Amino acid sequence: MDDLIDWEQQRAWVEIDLSALAYNVRQIRGLLAPSTKIMAVVKADAYGHGAIDIARTLTDMGVEWLAVATVTEGIELRQAGIFAPILVLGAVNSEMQVHEIAKWDLQPTICSIAQATVISKAVATLDPSVVLNVHLNLDTGMSRLGADWQQAVAFYREVEDLPYLQIASLYSHLATADELDPTVMEMQIDRFDRSIAAIAAAGHLLPMLHLANSAGVLVSDRLNYQLVRPGLILYGLCPAPHLQSAIDLQPVLSVRARITQVKSITAGTGVSYGYRFIAKRDMPIAVVEIGYADGIPRRLSDRMQAIVRGRLVPQIGSITMDRIMLDVSQIPDLQVGEIATILGTDGSVRITADDWANQLGTISWEILCGFKHRLPRVSK
Ligand SMILES: Cc1ncc(COP(=O)(O)O)c(C=O)c1O
């Protein structure tokens, strides 16, 4: 069975270039003051890259913090022997979650007094020596998780007064840092700074502060505070075209698949479900073992390209669950077993998650997270 799995996993795979990841981290460090720490956002299986290898590489490089979305994601990293501090960005509302957080030495986000009370009570049922480091999330304009920034002082004081909790940081999240118009971002920075000033003026010692996502890191070092929380730029993609000149990045993820049949079809032959492609001439086509069940959006049918032997070739007809067809008229004598690059670089040609995102009217984050677990992650 293991041999069979090994063999079948050669049909298609996600290739992870850890040296590109390291390059991107060095580029990010180059934008930060020496004292600014990085909290690498490795939620959603490190944006589809495979959280364990990514987190290990990052922490080996000295990245100080990791952030995940769920307690389960944090446990997965701990079980893999990753010891860096881990912030859980998502809401923690149950005693069971708190017990697991304490057991695995994770650190929860707190978004409300009610939630802080649940967490404090849950910690009280544990060994009395346990004190949980918690991170206060202020909503300064994202209107997602977080306490109202206008209540920052009361929020801070009440959490500080609860037993078994230690405030490790205060943070907020930006809604529009990747937009050309900075108005909302400036408003959020102003609200964050006013909250910080009010908390300090009320006599509290300030904890670690953080605000910047990838776009924030690229926009201005004014957003860096003591720590930054990049996700996308770690993986080598830029949040917006106008920010591209701020940093040089290398995409970490490639997707490749094997050609399993090459055949000739005659003019007038329809290809794949619905015959959305009809051959205008006699032509060779290749069948490639990757489909929408692996994460290629079906809406790219007849619109995407792949790279074979360093040349762009059109994908033809509907993308099916497990395979796609390519027009390989430009590739002489193509053989079964050769590789098609679906995303990534082959020779001097590159297809990026941004290319797909632009075609589909979505964002590269969604493309990266879309590759399914049927595709093994192969690190190099
Ligand atoms: C709270 C928080 N911080 C940071 C990030 C990283 O964002 P980006 O991938 O844009 O850098 C995310 C991602 O969604 C997030 O939810």
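Residues numbered from 1 in each chain as written. Predicted model: local features only at pLDDT ≥ 70, side-chain atom pairs only at ≥ 80, totals over all residues.

*Asks:* Can you walk me through the nonpolar core in this structure?
*Replies:* In a soluble, globular protein the nonpolar side chains are often hidden away together inside. The biggest cluster of nonpolar side chains holds 112 residues, and the ones touching the most others in it are Val42, Leu66, Ile119 and Leu326. In terms of residue count, helix 9 (residues 183-201) provides more of this core than any other element does, five residues in total. For Ile119, the residues in contact, after removing those within four places along its chain, are Val92, Val98, Pro108, Ile110, Leu132, Val134 and Leu165. (Core = buried A, V, L, I, M, F, W, Y, C linked by C-beta atoms within 7 Å. Buried ≥ 20, exposed ≤ 12 C-beta atoms within 10 Å, placed from the backbone. Helix = DSSP H or I, 4+ residues; strand = E, 2+ residues; numbered from the N terminus. Contact = placed C-beta atoms within 7 Å.)

*Asks:* Where do I start with helix 6 (residues 95-103) in this structure?
*Replies:* Three- or four-residue spacings in an α-helix give side chains the same orientation, since the helix completes a turn every 3.6 residues. When helix 6 is considered as a whole, its buried residues turn out to be Gln97, Val98, Ile101 and Ala102. Viewed along the axis of helix 6, the buried residues span an arc of 135°, placing them on a single side of the element. Each element contacted by the buried residues of helix 6 is listed here: helix 5 (71-79), strand 4 (86-88), strand 5 (107-110), helix 7 (113-124) and strand 6 (132-139). Among the residues trailing helix 6, Asp105 stands out with phi positive, at a value near 55°. (Arc of directions from axis to C-beta.)

*Asks:* Would you explain the site of the ligand in this entry?
*Replies:* Surrounding the ligand, one finds Val41, Leu89, His173, Asn213, Ser214, Arg229, Pro230, Gly231, Leu232 and Pro239. In terms of residue class, the shell around the ligand is built from five nonpolar, four polar and one charged. (Near = placed C-beta within 6 Å. Nonpolar A, V, L, I, M, F, W, Y, C, P; charged D, E, K, R; others polar.)

*Asks:* Would you mind going over the packing of helix 2 (residues 18-31) against helix 4 (residues 51-60) with me for this structure?
*Replies:* Angle between the axes and distance between the axes: these two values describe a pair of packed helices. Where helix 2 contacts helix 4, the two axes come as close as 10 Å, and the packing angle between them is 45°. In terms of orientation, helix 2 lies oblique with respect to helix 4. Crossing geometry of helix 2 relative to helix 4 is assigned as right-handed. Counting all contacts with helix 2, which are made through Leu18, Leu21, Ala22 and Val25, the residues of helix 4 involved are Asp53, Ile54, Thr57 and Leu58. For the contact of helix 2 with helix 4, the per-class residue count stands at six nonpolar, one polar and one charged. (Axes fitted to C-alpha atoms, helices over the stretch in contact; angles between N-to-C directions. Parallel < 35°, antiparallel > 145°, perpendicular 65-115°, else oblique. Left-handed = near helix turned anticlockwise from the far one by under 90°.)

In short, geometric facts, not functional conclusions.
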